[in-house]
Amino acid sequence: MKRLALLTLLAALLPAALSAQETVAFRFGCISYNEVLEAMPEYAQIDSDMVELKAKYDAEMTAAEDEFNAKYEAFLDEYAGYTPAILAKRQGELEDMLNRNEAFRDEARRLLQQARDEKIAAVRKKLDAVIADVANEYSLAFVLSADDKAVPFLNAKMAYNITAAVKNIVAQ
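Residues numbered from 1 in each chain as written. Predicted model: local features only at pLDDT ≥ 70, side-chain atom pairs only at ≥ 80, totals over all residues. Heavy atoms only, no water.

K.L.:
Outline the pattern of salt bridges, listing residues and values.
P.N.:
Per the counting criterion, the structure on display carries 10 salt bridges. Between Asp-47 and Arg-116 there is a salt bridge, with its nearest N and O atoms 3.2 Å apart. Placement of Asp-47 in helix α3 (residues 41–78) and of Arg-116 in helix α4 (residues 84–137) is noted, with a sequence separation of 69 residues between them. By relative accessible area, which is 36% here, Asp-47 ends up partly exposed. Using a relative accessible area of 22% as the deciding quantity, one classes Arg-116 as partly exposed. (Salt bridge = Lys/Arg side-chain N within 4 Å of Asp/Glu carboxyl O. Helix = DSSP H or I, 4+ residues; strand = E, 2+ residues; numbered from the N terminus. Buried < 20%, exposed > 50% of the residue type's maximum accessible area, 1.4 Å probe, protein only.)

K.L.:
A description of the side chain of Asn-101 should follow, citing residues and the corresponding values.
P.N.:
Tracing the chain through its elements places Asn-101 in helix α4. Looking at Asn-101, the relative accessible area reads 15%, which means it is buried. What Asn-101 contacts, discounting residues up to four positions off in sequence, is Ala-64, Glu-65 and Phe-68. (Contact = heavy atoms within 4.5 Å.)

Right, here's the structure in full:
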């Protein structure tokens, strides 16, 4: 959707700029956004942080599963001696415990994804600022991302490829 909006904006601005009395030459740059993002030390740290956070959630889920299994085994051992009321109560407790464990597992997945998204957003914000600085340094009107076929054709002779310049800055 962002790409479509960018292309629409460019399509609207280019004719107006070209028809102006004074001809302005647009200079543009291109970048492999994903290549630079993945080369950033902060990006590698995200993976490390996520492994650590996932291990904490996994340990909690394992403890909850162990507790459930112990209660279930005790239930099976004493099953024959339960009255119908006690049997219904114990089955309800086991079912509630199972439901809480499943809810926790789902919530842990959601929280892990949310934590990753927040960390990546912060890294992208930093990268976007560096791209803006480099684009201003090169006096570029705009920078296109050459990733994911966002730009199906790019004449490399007419665009400044700022990937290396941005990589040098973010690697520091």
